[in-house]
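Below, each chain spelled out in residue letters.
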Amino acid sequence: MAEQLDIIEGTKEERYEALLPQIASVVEDETDTIAKMANVAAMLHETFGFWWTGFYRVKNEQLVLGPFQGPLACTRIKKGKGVCGTAWQEEKTIVVPDVDAFPGHIACSSASRSEIVVPVFENNQVVAVLDIDSAQLNTFDATDQFWLEKVAALLCPKQ
Ligand code: SME
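All values reported here derive from a predicted model rather than from experimental measurement.

Q: I'd like to hear about the overall build of the chain, residue by residue, with values.
A: The secondary structure content of the chain amounts to 4 helices and 6 strands. In sequence order, the secondary structure elements of the chain are arranged as α-α-β-β-β-α-β-β-β-α. For a compact globule of 159 residues, the expected C-alpha radius of gyration is about 15 Å, and the chain comes in at 14 Å, within 12% of that figure. Counting only C-alpha atoms and orienting by the principal axes, one finds that the chain spans roughly 40 × 35 × 25 Å. The proportion of buried residues among the 159 residues of the chain is 43%. Expressed as a percentage of contacts within the chain between residues at least 6 apart in sequence, the contacts between residues at least 24 apart total 50%. The distance from the centre of the 13 positive side-chain charges to the centre of the 23 negative ones in the chain is 10 Å.

Q: Lay out the sheet that holds strand 5 (residues 114-122) with the relevant residues and their values.
A: Judged by pairing direction, the sheet is antiparallel, and its 6 strands sit side by side in the order 3-2-1-6-5-4 without closing on themselves. The two strands at the open ends of the sheet, each matched to only one other strand, are strand 3 (76-78) and strand 4 (94-96). Direction aside, the axes of adjacent strands within the sheet are offset by 25° on average. Looking at chain direction, strand 1 (residues 52-59) and strand 2 (residues 62-69) are connected through 6 bridges and run antiparallel. Counted as the bridge partner of Tyr56 is Leu65 from strand 2. Contacts from helix 3 (residues 82-90) reach strand 1, strand 2, strand 3, strand 4, strand 5 and strand 6 (125-134) within the one sheet, and its direction differs from that of strand 5 by about 35°. In this fold helix 4 (residues 142-155) packs onto strand 1, strand 4, strand 5 and strand 6, with an angle of close to 35° to the strand it touches most, strand 5.

Q: Which residues make up the packing of helix 1 (residues 12-28) against helix 4, and what values do they have?
A: The geometry of helix 1 relative to helix 4 is characterised by a closest axis approach of 10 Å and an angle of 5° between their N-to-C directions. By the criterion of interaxial angle, the relationship of helix 1 to helix 4 is roughly parallel. Of helix 4, the residues touching helix 1 (which contributes Lys12, Glu13, Tyr16, Glu17, Leu20, Ile23, Ala24 and Val27) are Thr143, Asp144, Trp147, Leu148, Lys150, Val151, Leu154 and Leu155. For the contact of helix 1 with helix 4, a count of residues per class yields 10 nonpolar, 1 polar and 5 charged.

Q: Residues and numbers for the site of the ligand, please.
A: In the region of the ligand, 13 residues are neighbours, and Val83, Cys84, Ile106, Glu115 and Asp133 sit closest. Between the ligand and Cys84 there is a distance of 2.8 Å, counted from an oxygen atom to a backbone nitrogen or oxygen. Within the contact set of the ligand, a nitrogen atom lies 3.3 Å away from a side-chain nitrogen or oxygen of His105. Against a free-state accessible area of 310 Å², the protein chains account for coverage of 99% of the ligand. When residues in the shell around the ligand are grouped by element, the largest group, 3 residues, is from helix 3. By residue class, the composition of the shell around the ligand is 8 nonpolar, 2 polar and 3 charged.

Q: Could you give an account of the pairing of strand 5, with specific residues and numbers?
A: Where burial is concerned, most of strand 5 is hidden: 7 out of the 9 residues are buried. The pairing of strand 4 with strand 5 spans 3 bridges and is antiparallel. From the neighbouring strand, Val96 faces strand 5, where its bridge partner is Glu115. Of the strand pairs in this sheet, strand 5 and strand 6 are connected by 9 bridges, and their pairing is antiparallel. Looking at the pairing, Phe121 lines up with Val126 of strand 6. Here strand 5 hands over to strand 6 after 2 residues, with Asn123 in that stretch at a positive phi of 50°.

Cut-off values and rules
- Residues numbered from 1 in each chain as written.
- Predicted model: local features only at pLDDT ≥ 70, side-chain atom pairs only at ≥ 80, totals over all residues.
- Heavy atoms only, no water.
- Helix = DSSP H or I, 4+ residues; strand = E, 2+ residues; numbered from the N terminus.
- Rg over C-alpha atoms; globule rule 2.2 N^0.38 Å.
- Buried < 20%, exposed > 50% of the residue type's maximum accessible area, 1.4 Å probe, protein only.
- Contact = heavy atoms within 4.5 Å.
- Lys, Arg positive; Asp, Glu negative; His and termini not counted.
- Charge placed at Lys NZ, Arg CZ, Asp CG, Glu CD.
- Pairing = 2+ DSSP bridges.
- Axes fitted to C-alpha atoms, helices over the stretch in contact; angles between N-to-C directions.
- Parallel < 35°, antiparallel > 145°, perpendicular 65-115°, else oblique.
- Nonpolar A, V, L, I, M, F, W, Y, C, P; charged D, E, K, R; others polar.
- Near = heavy atom within 4 Å.
- Polar contact = N/O pair within 3.5 Å; in protein donor to acceptor, adjacent residues only side chain to side chain.
- Areas by Shrake-Rupley, 256 points an atom, 1.4 Å probe, with all protein chains shown as cover.

This is the structure:
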């Protein structure tokens, strides 16, 4: 496994394209989910300079805070609540261009302006969500969704 992230520059698409194989190499030899999520959060956060990048894991019918980079965050989210709980319930990625326009958005940080939440599946069940917040409006689009769904798939290869 590489112990250092290669410097990644270019367009968003080019950066995701360069980052994905590095993420694959970091997760392929590791079996511990927390360790994998910790490095994935770090790599995404460092490459794109997001405001908050991390995971919530499904535990006892709630989402519980997992590995992340960025400021303090709420620790538990119920199914159907906020962007994370909605992505879990609907089992699909949710792109939020403006968090103030998303009914029920949970504001862990008042600086967060836009967000994307991508479910992580194992055996067709949502076992976690990847949540990324930006301090700018309209940060995330179909390109982020496309690549971040590939990142989520790398975390749980047995599908
Ligand atoms: N905004 C999220 C809560 C988690 S924080 O952004 C880290 C939501 O509405 O589910």
